[in-house]
Amino acid sequence: MATAKVSNLASDVQPRRRRLVITARAAASFDPQGRSVAAARAFVRDTLQGWGFADIVDDAVVLTSELVTNAVVHAGTRAEVLCLRAEDGVRVEIADRYPERELPLRHPGERPYADPDRESGRGLMLCAALATRWGVEYTATHKHVWFRLDLPDRPVGTRSAGPVVPDQFLPLAESRVRVAVLQIDAGDAISAWNDDAEHIFGYPAEKAVGRPLAEIAAWPQTPGTGTGVAEALRLSRWEGSYGVRGADGRVIPVYASHLRVRDAHGEPSIVCLLVHDDERALLQTPVRGPSSDGQHSEPRPADPFEVFIGSPAPDDLDGLLQRTVERARDMLDADAAFLLLATDDETELEVRATTGLPSTRQRFARVPVEAGTSRYGSARLPAVHDDLAVVPGAVPLLESTGMRSVVTVPLKVEGRLTGSLGVAAEGPGRYTNEEALRLQFAADRIALAVESARLGELERLRRGSLSFLVEASDLLAGTLDRDQTLALMAQMTVPTLATWCAVYTIADQASDPYLAYVLHEDEERIDGLKALLSRVDPPEPVREAGARPWPATAVAVGGETVVLPLLARNRVIGMLTLGKPSEEHFRQEILELADDLSRRAALALDNARLYSERTAISRSLQRSLLPPGSPAIPGMEVEVIYRAAGEGNEVGGDFYDVFPIRDGAYGFAIGDVCGTGPEAAAVTGLARHALRLLAREGLGGPAVLERLNAAILDEGARSRFLTLLYGELHPQPDGGALMKVVCAGHPLPLRLRPDGEVTPAAEPQPLLGVIDDLDLYEQTMTLDPGDVLLCVTDGVTERREGTRMLGDDGLAEVLTTCTGLTAGAVASRVLRAVERFAAEPASDDMAILAFRVPEQRTGD
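Reading the values: rules and limits
Residues numbered from 1 in each chain as written. Predicted model: local features only at pLDDT ≥ 70, side-chain atom pairs only at ≥ 80, totals over all residues. Heavy atoms only, no water. Helix = DSSP H or I, 4+ residues; strand = E, 2+ residues; numbered from the N terminus. Contact = heavy atoms within 4.5 Å. Areas by Shrake-Rupley, 256 points an atom, 1.4 Å probe, with all protein chains shown as cover. Buried < 20%, exposed > 50% of the residue type's maximum accessible area, 1.4 Å probe, protein only. Polar contact = N/O pair within 3.5 Å; in protein donor to acceptor, adjacent residues only side chain to side chain. Salt bridge = Lys/Arg side-chain N within 4 Å of Asp/Glu carboxyl O. Pairing = 2+ DSSP bridges. Axes fitted to C-alpha atoms, helices over the stretch in contact; angles between N-to-C directions. Parallel < 35°, antiparallel > 145°, perpendicular 65-115°, else oblique. Left-handed = near helix turned anticlockwise from the far one by under 90°. Nonpolar A, V, L, I, M, F, W, Y, C, P; charged D, E, K, R; others polar. Patch = residues over 30% accessible without salt bridge, like charges linked within 9 Å, V, L, I, M, F, W, Y side chains within 5 Å. Arc of directions from axis to C-beta. Lys, Arg positive; Asp, Glu negative; His and termini not counted. Charge placed at Lys NZ, Arg CZ, Asp CG, Glu CD.

> So what's going on with the overall build of the protein chain? Which residues, and what values?
Helix and strand content of the protein chain: 22 helices and 34 strands. Contacts spanning at least 24 positions in sequence make up 60% of the contacts within the protein chain whose residues lie at least 6 apart. About 43,400 Å² of surface is accessible on the protein chain, with carbon and sulfur atoms providing 51% of the total.

Below, the structure is given as structure tokens:
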């Protein structure tokens, strides 16, 4: 279809040929790199869209893509693209610096140069097919390929619309298109709600009217950035995407158009149109350039800024600076141009935009404002350098670039230095004071706009930095694990602040730094980077805060590397090392942000160290309170499961023990001290050691518990009451076991018989640690083969889910399902039942002790 259209245009070339009257121009230069082709396409598309030439954008982009490819890929030179606007069309010129490259001659039998199967020449074939006119022009230093695209004739009163596309590519919509119409009053409350709104969101009008829109709007706002729903409703017109919470709680993505209106009484309100986000084409306003329908408006005075920069001006700082250096280079017919911005204290200049130079490696590099004693060594005054070869180092940025002639001028706002603009040429003696004056006029035109854009960028960086530090602080405060803290430190810096990161830790003042963690934005390079850093001496620990260069990595790793100390509690506990590849430099704002992060990370790392040390000491002490292990009892199966409540606790208020008393006799105990944690664990240790000592003295169960009761009461204010089940077990030659038990205020032991019957195996008696005079007695029973004795603490029976509790009956019900299981299987089933009873983690210690007499097997 496109070829047929342009064929008709081509047939009209001769009648429409006339002198091209230029009304606007835009130019850009692209380095010989593969990505330059995409950048050139974007430049031409944005320029033509801004001029209102949407009808011919696609053809112009296709031709530009092919011709720039020929220049930067096949010819291997920089491509210069120039767009010239006329009233009835546009001319685009693509120039390369390869004048020796000629049009290929066609030999007999050879394919024509425009053969679509050939890699080169395809751009010229497309020019012949798509352009109104085209041609190739040569100069002494350039080769130009140009093409002209005329605007199609339009009937009077029409404007450009969207392109015609096949039906299958049209946007999807429901069988009946629904548009929710809302009206918002001056108080941001919904005052009108149509039927389509009820259908889309599920709220009837009576439940929606009167509610603030903010209650149901799921606004995608990042703290510190963007516009909130309240701010959006204050704008005269607003379009965009957000979510609306439907009546069922789901968030429905919508595309909305807001328009503020006022009634006959002057009262303001907002009319909102909303559709499903995938139907945004119904409401979304396409980006339109200036009207090209032939209607003329009053001419406005030329803006000196727009005269130099062009229209539309870039709305971002980087785009503005890049456009500035390209315009400055073109204005003085230079080979290169550069723009540097001054720091707040006006002592240094930071490279922010270049063209014609190896700019990538120079970006964000810094040079001093005062580079010498003469007036030519200061960026505060215009300067013309006839030959840099005579005064090497006069312009540090241009060292080893081949540039000889340079003119630099300051950018000033209200007398304050804000930057420096310069152009350079490869030959000497190219510039005079006249060129310096022209460049200074240009700098004066753009200085205020550049400073305004720079302040806007700094404000965005500040808000982003605050948000970053808040998030980092939350993440670091959320863990006390040393390894996780190290990983978080690295992951927060890569790739946000640096390309790679290494964390060194210092165990104590006498220890050398240890490479603890390495991260690279390219995961495949992590191992190689770690190996390289391992062969380099670690950075020297320095107490002074702030980033400092680390030259030792220049050879081993390459690029720029900085080291920040990790300072916590008046000592250096490590170093945070950040690196960038050789073509990039760290911005000062990034280094300041990294310094803030390093202070927070150092404190988090030291807290993790202290917590780890405390936990290790606590666990070591707690392990000393646990039994060394359960003895093997002939003819018996014994299983113990213990769970202490609380993070980092291995021992709590519950305890157990199984130990030999004398030949053929074993003691066992399971108890519960009031409370949990270290205080309860202290009483646990007293009870367990006292039981063993007293039982081995030959005392019976009641006497053992009475003496333990006295020992607990002797602790005075530190004493805690204790429930305890203590018993002696005597395996019998016939395969059974004689058991003597005393149950002092503890949950009763349960006996499971092979037929599934469950019965209590003891009677309740007073608990310990409350009164002096105890009258305890011992109960005796015999476990037969197949019998199970289950002993638990109240953390099992008092397991809760809301108002429900497992209780003694629930435990007995679980035990009835354990017939025929081993002691280990019985204990595990009980534990699973307790864990499944409630979703929340257990808040009390638990101990489970199970004995089983194996059934005797008869021979065949």
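> Account for the environment of Arg280, with residues named and values stated.
Mapping Arg280 onto the fold places it in the loop between β11 (268-276) and α10 (304-309). Looking at Arg280, the relative accessible area reads 27%, which means it is partly exposed. The spatial distance from the C-alpha of Arg280 to the C-alpha of Ala256 is 8.1 Å, given a sequence separation of 24 residues.

> Which residues make up the side chain of Asp595, and what values go with them?
Topologically, Asp595 is positioned in helix α17 (residues 588-623). For Asp595, a relative accessible area of 15% puts it in the buried group. Polar side-chain contacts of Asp595 include one of 2.9 Å to the side chain of Arg599. Every residue in contact with Asp595, bar those within four places of it in the chain, is listed here: Ala545, Gly546 and Leu564.

> So, the pattern of salt bridges: which residues are in play, and what are the values?
Oppositely charged side chains are able to pair whenever their charged atoms sit close together. With the rule as written, the count across this model stands at 30 salt bridges. In this structure, Arg250 and Asp248 form a salt bridge, with 2.8 Å as the shortest nitrogen-oxygen distance. Of the charged contacts in the structure, one is a salt bridge between Arg482 and Asp483, with a shortest N-O distance of 3.3 Å. On the basis of relative accessibility, which here comes to 31%, the residue Arg482 falls in the partly exposed class.

> Give me the lowdown on the sheet that holds strand β27 (residues 737-744), citing residues and values where you can.
One open sheet holds the five strands; their spatial order is β24-β25-β26-β27-β30, and the pairing between them is antiparallel. The strands lining the two open edges of the sheet, one partner per strand, are β24 (654-662) and β30 (779-783). The average angle at which neighbouring strand axes cross in this sheet is 20°, direction not considered. Where strand β26 (residues 722-731) lies against β27, eight bridges are found, and the strand directions are antiparallel.

> Please set out the packing of helix α21 (residues 807-816) against helix α22 (residues 823-837) residue by residue, giving values where relevant.
Between α21 and α22, the least distance of the axes is 10 Å, while the angle of their chain directions is 135°. One element, α21, and the other, α22, form an angle in the oblique class. Considering only the axes of α21 and α22, their crossing is right-handed. Judged by residue contacts, Leu811, Val814 and Leu815 of α21 engage Val826, Arg829, Val830 and Ala833 from α22. Partitioning the contact of α21 with α22 into residue classes produces six nonpolar, no polar and one charged.

> Residue-level account of a nonpolar patch on the surface, with values.
Side chains of Phe721, Val770 and Ile771 sit close together on the surface and give an oily, nonpolar patch of about 260 Å² of accessible area. Relative to the helices and strands, Val770 is located in the loop between β29 (758-760) and β30.

> Could you give an account of helix α15 (residues 526-534), naming the residues involved and the relevant values?
The complete set of buried residues in α15 reads Ile526, Leu529 and Leu533. Taken down its axis, α15 places every buried residue within 65° of arc, on the same side. The outward face of α15, more than 90 degrees from its buried face, is lined by the exposed residues Asp527 and Ser534.

> Lay out the packing of helix α13 (residues 433-477) against helix α14 (residues 482-493) with the relevant residues and their values.
Remark: α13 packs on α14, axes separated minimally by 10 Å, with the N-to-C direction vectors making an angle of 165°. Regarding the angle of α13 to α14, the classification is roughly antiparallel. Every pair of crossing elements has a handedness; the one defined by α13 and α14 is right-handed. Along the contact surface, α13 presents Phe468, Ala472, Leu475 and Leu476, while α14 presents Thr485, Leu488, Met489 and Met492.

> Any chance you could break down a negative patch on the surface for me, citing the residues and the numbers?
Taken together, Glu706, Asp714, Asp772, Asp773 and Asp775 make up a surface patch of like negative charges. Tracing the backbone through its elements, the reader meets Glu706 in helix α19 (residues 701-713). Since its relative accessible area comes to 32%, Glu706 is described here as partly exposed.

Remember that the coordinates give geometry; whether it matters functionally is a separate question.
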